[in-house]
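# Observations on chain architecture
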Amino acid sequence: MSQASHTGDTHDLISPADLNAREEASAAEGATPLVIDVRGPKEYAAGHVRGALHIPASQIAKKLARIPRDRLVVTYCNMHHPGESRGERAAAILREYGYDARALNGGYSAWKDAGLRVEEASAAG
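Residues numbered from 1 in each chain as written. Predicted model: local features only at pLDDT ≥ 70, side-chain atom pairs only at ≥ 80, totals over all residues. Heavy atoms only, no water.

### Considering the packing of aromatic side chains
Put simply, the rule is: Aromatic rings from Phe, Tyr and Trp, taking only the six-membered ring of Trp, are treated as a pair when their centres fall within 6.5 Å; an angle between ring planes under 30 degrees marks them as stacked, one over 60 as edge-to-face, and anything in between as tilted. Secondary structure follows DSSP: runs of H or I at least 4 residues long count as helices, runs of E at least 2 residues long count as strands, and numbering of each begins at the N terminus. Exposure categories follow from relative accessible area, calculated using a 1.4 Å probe and restricted to protein chains: below 20% of the type maximum is buried, above 50% is exposed, and the middle band is partly exposed. The rule is short: NZ of Lys or CZ of Arg within 6 Å of the ring centre and within 35 degrees of the ring normal puts a charge over the ring.
Inspection of the entire model under this criterion finds one aromatic pair. Ring centres of Tyr76 and Tyr108 lie 6.2 Å apart, and the angle between their planes is 25°; this geometry places the pair in the stacked category. Residue Tyr76 is located in strand β5 (residues 73-76), and its partner Tyr108 is located in helix α4 (residues 107-113); the two are separated by 32 residues in the primary sequence. Residue class for Tyr76 comes out buried when judged on its relative accessible area of 1%. Judged by its relative accessible area of 8%, Tyr108 is buried. The ring of Tyr108 has Arg39 lying over it, and the distance from NZ or CZ to the ring centre is 4.6 Å.

### Some words on helix α3 (residues 86-96)
This is how it is decided: Only heavy atoms matter for contacts: two residues are in contact if any of them lie within 4.5 Å across the pair.
Those residues of α3 that sit buried are Gly87, Glu88, Ala90, Ala91, Ala92 and Leu94. Buried residues belonging to α3 abut β1 (13-14), β5 and β6 (101-104). Immediately beyond the C-terminal end of α3, within one or two residues, lies Gly98, with a positive phi of roughly 95°.

Given below as structure tokens:
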């Protein structure tokens, strides 16, 4: 019934720079975008966008009650398969449920490579 299997349209993606700018601009209003890491637990623990909520892609539809509908939701993964990534699929599912959702273009590595805020596991035990 849905045609969400065709993702990757540019309006379905947000660049790291655009997300960062939206976060900074909306921080004073208290309506910053909600960032969701849809990777697995080990990937999230190794490093993630600072402040990102962790909901694995397979759990998105089951965790809708945790996701507010009144602000932009940005999902991300490692985006190894652009057009078919977990982040894009999760954003498509959220859009089907009426959310304003986009996937982070380039995923976690693009965010980190842009020098933006991350939380990483400490190398020292």
